[in-house]
Amino acid sequence: MGASQSARTEHEFQDLADRTGFSLEQIGNLNKRFRQLSKNEETLSRQDLASISALDNNPLRAQIINAFFDKRNLRQNEAGTVQVIGFEEFLMVMSHFRPAAMHITEEEREKLRREKLRFVFNMHDTDSDGTITLEEYRRAVEELLSKAGTIGQETAKAIADAAMLEVASTTRGKMEPDEFYEGITFENFLQILKTFDIETRMHVRFLNMDTATMRCGK
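Bear in mind the structure is a predicted one, so any value in this text is a computation, not a measurement.

### Overview of the side chain of asparagine 122
Alright, step 1. Residue placement: asparagine 122 occurs in helix α6 (residues 106-124).
Alright, step 2. Other than its neighbours up to four places away in sequence, asparagine 122 contacts Asp70, Arg72 and Asn73.

### Brief notes about the nonpolar core
Alright, step 1. In this structure, Ile27, Leu49, Phe68, Ile85, Phe87 and Phe90 are the most contacted members of the largest nonpolar core, which totals 28 residues.
Alright, step 2. If you list the elements that add at least two residues to this core, you get α1 (2-20), α2 (24-38), α4 (61-67), α5 (87-94) and α6.
Alright, step 3. By residue number, the principal contributor to this core is α5, which donates five residues.
Alright, step 4. When near neighbours in sequence (up to four residues on either side) are disregarded, leucine 49 contacts Leu37, Leu44, Leu55, Ile65, Phe68 and Phe69.
Alright, step 5. By size, the runner-up hydrophobic cluster in this structure holds nine residues, among which are Leu117, Phe186, Phe189 and Leu193.

### Comments concerning unusual backbone geometry
Alright, step 1. The backbone of lysine 39 shows a phi angle near 60°, a positive value even though the residue is not glycine.
Alright, step 2. Its place among the elements puts lysine 39 in the loop between α2 and β1 (44-45).
Alright, step 3. Non-glycine residue asparagine 40 carries a positive phi angle of around 65°.
Alright, step 4. Of note, asparagine 40 is situated in the loop between α2 and β1.

Reading the values: the criteria
- Residue numbers restart at each chain and count upward from 1, following the sequence in its written direction.
- Restriction of local features to residues with pLDDT of at least 70 applies here, the model being predicted, together with a cutoff of 80 or more for giving and counting side-chain atom pairs; totals for whole chains, interfaces and linings are based on all residues.
- Hydrogens and water molecules were not included; the side-chain quantities draw on all heavy atoms of the structure.
- Where helices and strands are cited, they refer to DSSP runs of H or I of at least four residues and of E of at least two residues respectively, numbered from the N terminus.
- In what follows, a contact means two residues having at least one pair of non-hydrogen atoms within 4.5 Å.
- To define a nonpolar core, start from buried Ala, Val, Leu, Ile, Met, Phe, Trp, Tyr and Cys residues and group those joined through side-chain atoms within 4.5 Å.
- Only protein chains enter the calculation, and the probe is 1.4 Å; a residue is then buried if its accessible area is under 20% of its type maximum, exposed if over 50%, and partly exposed in between.

Here it is, written out as structure tokens:
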């Protein structure tokens with residue numbers, strides 16, 4: 001019975017390794033962390049992730065937690081959210097944080113970079129309409145700045161407005177301050193962050209995982 005269960009688990013882990021790019025060792029480590037967070041239950045809730053103390057002072061705490069329950073990040077090709085996730089869904093989200101393997105083609109590297117940026121884009125496209133609006137952008141900036149406690153809400157709003165206008169000018173050309181701007185599309189987002197080093201910015205420290213263990217390629 002024990003050997004049968006072990007063989008089934010190994011087979012399931014191998015399937016997940018093929019789909020996510022994690023090694024079997026990495027999946028084993030992530031499974032242990034999942035069990036810790038879920039208190040050995042089969043599913044994980046927002047409340048379970050909210051209990052991670054390392055997230056308490058993170059200005060993107062809400063976005064990070066929500067990202068684990070966003071169907072767009074679970075490779076379901078649809079918008080919306082779920083209430084709980086199993087280990088497979090947890091692993092799908094975690095795969096966005098996985099560093100690129102050393103020996104991959106430029107095409108594969110660009111595909112991975114695009115997937116990571118799509119994940120970040122989804123975090124700020126809160127209504128899942130494919131556009132980061134001025135209001136969504138302002139909300140993110142205000143939250144970041146308010147956590148810092150250095151400026152007031154009106155100043156944060158002004159900074160967000162000015163930054164959005166600059167983004168609009170970059171993606172659409174010169175715009176007037178009173179001209180309506182519908183927001184940033186994903187293609188705009190790619191253009192804006194074309195020189196952004198996403199590899200060094202996405203990590204999993206808030207899960208108390210040793211990032212060195214995430215460096216192993218397939």
